[in-house]
Amino acid sequence: MKKHAIILSIVLINILTLKTWSAEFRARQHLLIDFNWKFVKSDVKGAEEQKFDDTNWRTLNIPHDWSIEGEFKEDAITKGSGGYLPTGIGWYRKHFNLSRIDKYQQFWIEFDGVYMNSDVWINGQHLGKHPYGYTSFYYDLTPFIKKGENIIAVRVDNSIQPNSRWYSGSGIYRHVWLNITGSVHIAQWGTYITTPKADSSSATISVRTLIENKSPIVKKVVLRSVIKNETGKETATVETPFSLEPSGKADIEQSLKINSPELWSIDTPSLYSLNSIVLESNKPIDSDISTFGIRKTEFDKDKGFLLNGKHIKINGVCLHHDAGCLGSAVPEQAWRRRLQILKEMGCNAIRTSHNPPAPEFLDLCDKMGFLVMDEAFDEWVEPKGQVQYGYHKYFSECSQSDLLSMIHRDRNHPSIVIWSAGNEVPDQVVENGSEVLRKLIETFHKEDPTRPVTQANDRIAAGDGPAKLTFLELQDIVGYNYVDRWNERRELYYTVDRHDHPGWKMIGTENVSVGGIRGQYSIGPDLSAKRPGRSRDYRLSMIEAEQLWKFTSVNDYVIGDFMWTGIDYLGEAGWPGKSSSSGLLDLCGFPKDGYYFYQSQWTNKPMIHIFPHWNWTGHEGQVISVIAYTNCDSAELFLNGKSFGTKSYVFPQQGHSRSWDGFARPYIAPTTSDLHLSWDVPYEPGKLKIVGKKNGEIITEEIRTTSKPSAIRLSADRKDINADAWDIANIKAEIVDENGLVVSDANNLIEFKVEGEGVLIGTDNGNPQDKTQMKSKQRNAFNGLALAVIQSTEKGGNIRLTAVSSDLKDAVLQVVSHK
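Summary of the structure given here. These numbers were taken from a predicted model, which means no experiment stands behind them.

What follows is about the sheet that holds strand S33 (residues 642-647). Reading across the sheet, the four strands line up as S33-S32-S35-S36 and stay open at both edges, with antiparallel pairing between neighbours. Every other strand in the sheet has two partners, leaving S33 and strand S36 (697-705) as the edge strands with one partner each. Strand-to-strand twist in this sheet, taken as the mean axis angle between neighbours without regard to direction, amounts to 20°. The sheet contact formed by strand S32 (residues 634-639) and strand S35 (residues 687-694) spans six bridges and is antiparallel. Bridge pairing in S35 links Leu639 to Leu688.

Another point: the state of the cysteines. Going through the model one piece at a time under the given rule, you end up with zero disulfides. Cys325 supplies the cysteine sulfur nearest to Cys588, a cysteine that is in no disulfide, at a spacing of 6.7 Å.

What follows covers the sheet that holds strand S18 (residues 283-292). If you trace the four strands from one edge of the open sheet to the other, you get S15-S14-S17-S18, paired in antiparallel fashion. At either margin of the open sheet sits one strand with a lone partner, and together these are strand S15 (234-244) and S18. Within this sheet the neighbouring strands show an average axis-to-axis angle of 15°, counted without direction. Relative to strand S17 (residues 272-280), strand S14 (residues 219-228) is paired through seven bridges, and the arrangement is antiparallel. If you follow Lys228 over to S17, its bridge partner there is Ser273.

With that settled, the discussion passes to the layout of surface pockets. Each pocket or cavity is described by its volume, and for the largest pocket that value is around 1,100 Å³. Looking at the largest pocket, it is lined by 43 residues, and the ones nearest its centre are Pro591, Tyr596, Lys732, Glu734 and Leu785. When contributions to the lining of the largest pocket are tallied by element, the ones reaching two or more residues are helix H1 (332-345), helix H9 (593-602), strand S30 (608-611), S36, strand S37 (711-716), strand S39 (728-736) and strand S43 (785-792). A per-element tally of the lining of the largest pocket places H1 first, with six residues.

Residue placement: Arg93 occurs in strand S5 (residues 88-98). Only 2.6 Å separates the side chain of Arg93 from the backbone oxygen of Ala47, close enough to count as a polar contact.

Here is a general trend for soluble globular proteins: nonpolar side chains tend to be buried in one another's company. One finds Leu371 and Trp380 to be the most contacted residues of the largest nonpolar core, which totals 135 residues. If you tally residues by element for this core, the top one is H1, at six residues. Judged by nonpolar contacts, the second largest core, of 28 residues, contains Leu60, Phe96, Tyr139 and Ile180.

Scanning the entire structure with this criterion turns up 37 aromatic pairs. Residues Tyr521 and Tyr538 carry aromatic rings whose centres are separated by 5.4 Å and whose planes lie at 85° to one another, so their mutual orientation is edge-to-face. With Tyr521 in the loop between strand S28 (506-512) and helix H8 (543-554) and Tyr538 in the loop between S28 and H8, this pair connects stretches of sequence that are 17 residues apart. We note that Tyr521, like Tyr538, is buried. Between Phe663 and Tyr667, the ring centres sit 5.2 Å apart and the planes meet at 35°, which makes this aromatic pair tilted. The class for Phe663 is partly exposed, based on a relative accessible area of 23%. Judged by its relative accessible area of 55%, Tyr667 falls in the exposed class. An aromatic cluster of three or more residues is present, and its members are Tyr115, Tyr132, Tyr134, Phe377, Trp380, Tyr391, Phe395 and Phe471. The ring centre of Tyr557 lies 4.3 Å from the NZ or CZ of Arg498, which sits over that ring. When the ring centre of Trp575 is taken as reference, the NZ or CZ atom of Lys771 above it lies at 4.5 Å.

Across the seven residues of strand S29 (residues 558-564), seven count as buried, placing the element largely inside the fold. Both strand S22 (residues 314-319) and S29 contribute to a ladder of four bridges, which runs parallel. Looking at S29, one finds that Ile314 is bridged to Gly560. Strand direction decides the pairing type here: S28 and S29, joined by four bridges, are parallel. By the bridge assignment for S29, Asn511 is matched with Met563.

Per the stated rule, a full pass over the model turns up 41 salt bridges. Across the pair Glu212 and Lys249 runs a salt bridge whose closest N-O atoms are separated by 4.0 Å. Here Glu212, found in strand S13 (residues 202-213), pairs with Lys249, found in strand S16 (residues 249-259); they are 37 residues apart in sequence, far enough to count as distant. Given the relative accessible area of 14%, Glu212 is considered buried. Since its relative accessible area comes to 59%, Lys249 is described here as exposed. By sharing partners, the salt bridges in this structure join Arg165, Asp378, Lys384 and Glu572 into a single network.

Scoring rules and cut-offs
Residues numbered from 1 in each chain as written. Predicted model: local features only at pLDDT ≥ 70, side-chain atom pairs only at ≥ 80, totals over all residues. Heavy atoms only, no water. Pairing = 2+ DSSP bridges. Helix = DSSP H or I, 4+ residues; strand = E, 2+ residues; numbered from the N terminus. Axes fitted to C-alpha atoms, helices over the stretch in contact; angles between N-to-C directions. Disulfide = S-S within 2.5 Å. 1 Å grid on protein atoms, 1.4 Å probe; cavity = no way out; pocket = protein on both sides within 12 Å on 5 of 7 lines; lining within 4 Å. Points joined across faces, edges and corners; volume = space filled by probe spheres on them. Polar contact = N/O pair within 3.5 Å; in protein donor to acceptor, adjacent residues only side chain to side chain. Core = buried A, V, L, I, M, F, W, Y, C linked by side-chain atoms within 4.5 Å. Buried < 20%, exposed > 50% of the residue type's maximum accessible area, 1.4 Å probe, protein only. Phe/Tyr/Trp six-rings, centres within 6.5 Å; stacked < 30°, edge-to-face > 60°. Lys NZ or Arg CZ within 6 Å of the ring centre and 35° of its normal. Salt bridge = Lys/Arg side-chain N within 4 Å of Asp/Glu carboxyl O.

Following this line, the structure appears as structure tokens:
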């Protein structure tokens, strides 16, 4: 359900006045109440009481993650799993005033996500406890709310560690909403939209709406459902009269038809809105708007995945929920930028590993045309060895309610095409694991019969205890984590199970990608040389991923893959590291070399990329392997104007057509069966240039030079932002030479200074071993790059960012914040 928020101007610190509508039209109000909370990182006795004095507490806006504000310490209680950052206990308090309360008016508070073990009070009354840090939840405030001042208190307990295998963050790290309605209203997440028939000629829209009556009398009302396209044109409407018993509910089913619909797809993600209006005596008493898309999805054991009848190979990545220096409290623009960069790589799908994401993340996937595997849990009943206090402690009590929350909140998103019940759960190998999975799948199927369910299995052929066959056969689609990990499957991949279980539908839920540390190379003869972070030789790191892609690409029955991972993430590290380096983008969202491998395979726009850099002073005469990723027919490499020859690869290769020596396309003689090209070049300083050719003509090129730092260059993902106190601009700082080319091994210290109506909320550089605090104004560049993130205040105006470094020319960039 899409949120349409009323953003309120705050005049007095920590006081929010909500004026309800008149009794004649008790319209739903969906109010974002992120501003001016009181916070203390301590377990304070009595802080839930209304009369508690929080005057000296810190005032802040949420979403808020207090862990990312701390220092990286080797002895941190979270250890490497949590990125060596602090956790603990924190309290939040929100004061707000109500000028009036109408009879039978309803109030409830909605949390998009709190990590973790949250307790919530209103005016000293305990509303409930929510252990899971990733599902949204809500509480009825109506019995305890009052005219005048009200106080919400939230205690967050992330002190019991370890409870996660990756960085979780701590606090109210997603948005909070206050909902106000009349006595008759659409329930929370009460609208369910499906498209049982969808093609270019017409579509049938099925709508189920749960409506509640909180009054003590019978209500005779009408549900009017109106569908509009993206231009606001009304395309269908229907009305259904019905009666509601006192304190009763009604689940209303409606069907609407749209002629010549605009179908949702990855290339044209067209969206519609459903305006659900409840009328009494022909007057509206409640309304809500839900966004949806019209599309047809099919999963076939032979053809793989079809969207609107067209075969689509799922070229996906797995993503954790943090955003580097921003921690887990991620502004929407941070995800928009990162998703756009992944889209340009050719990525068309996201697996939300290993938990439900923020609602606005799914909104972006809807708008940008990503397919989504929405994942529920990382643990079920059986614990994972390194996570002593993980979700297995709460699964038996909470899993069904958490699952219902996830499904009900997310099921209208057209981007979601498959549910995942879990990730690498040890339950897959134990006798009762099948029964645990069966109950989860039954809930998925009951609440949303339109989507299949998978589970990310990492032990399908494990030599030390394989997954139970009954466990695998329950899955609508069998998910494979690291399909080539075990025994003969290093070469045979899915074919073993294709032969033994021809009815299975198969997908790579998680597989190896081309990760590593951005810009780090070893040019020594030892191809297994160790380097900081993940040990990968740049000459070899792509081989396993190339072989897997070759198989996946040409076998339609393999639905696709989700590579581990799309972006580096905090945690799952070993000191002196703080983060994983398995991503195709680093913590800042800067592309690594592996990014360009997938771009060469997943896109058609001509591209070429070479590595390593060409700053190797002291290695003159040493032979260096130069690698290229390209989707061109061939590539030619030059050093200081001298050609080192033209090379090419062809994939998939074409066989004869029409006659034994005839080809449908011009024949290209490959020089390798790999999906990359390689030259051995004796190092000499100067200019390394590669050109990509199609049909013998140069269509793209890339240059590497021997260079020295001269200046800083700043660029922003956007120079106009909203003055709403959480919009951001991501600023890339590049160390460039006198010709404006990035110096790819530069590590100059940069100081960022912000003036005007903005604040610096984070800096980073993508180096997994840099322990500088994420909120620091000073940051070394890492292999030529650094990132600064500016956030708007509540006032409009200019924001000026200055980047200063000794011996380099300063840089200034201006962003405008609009009220």
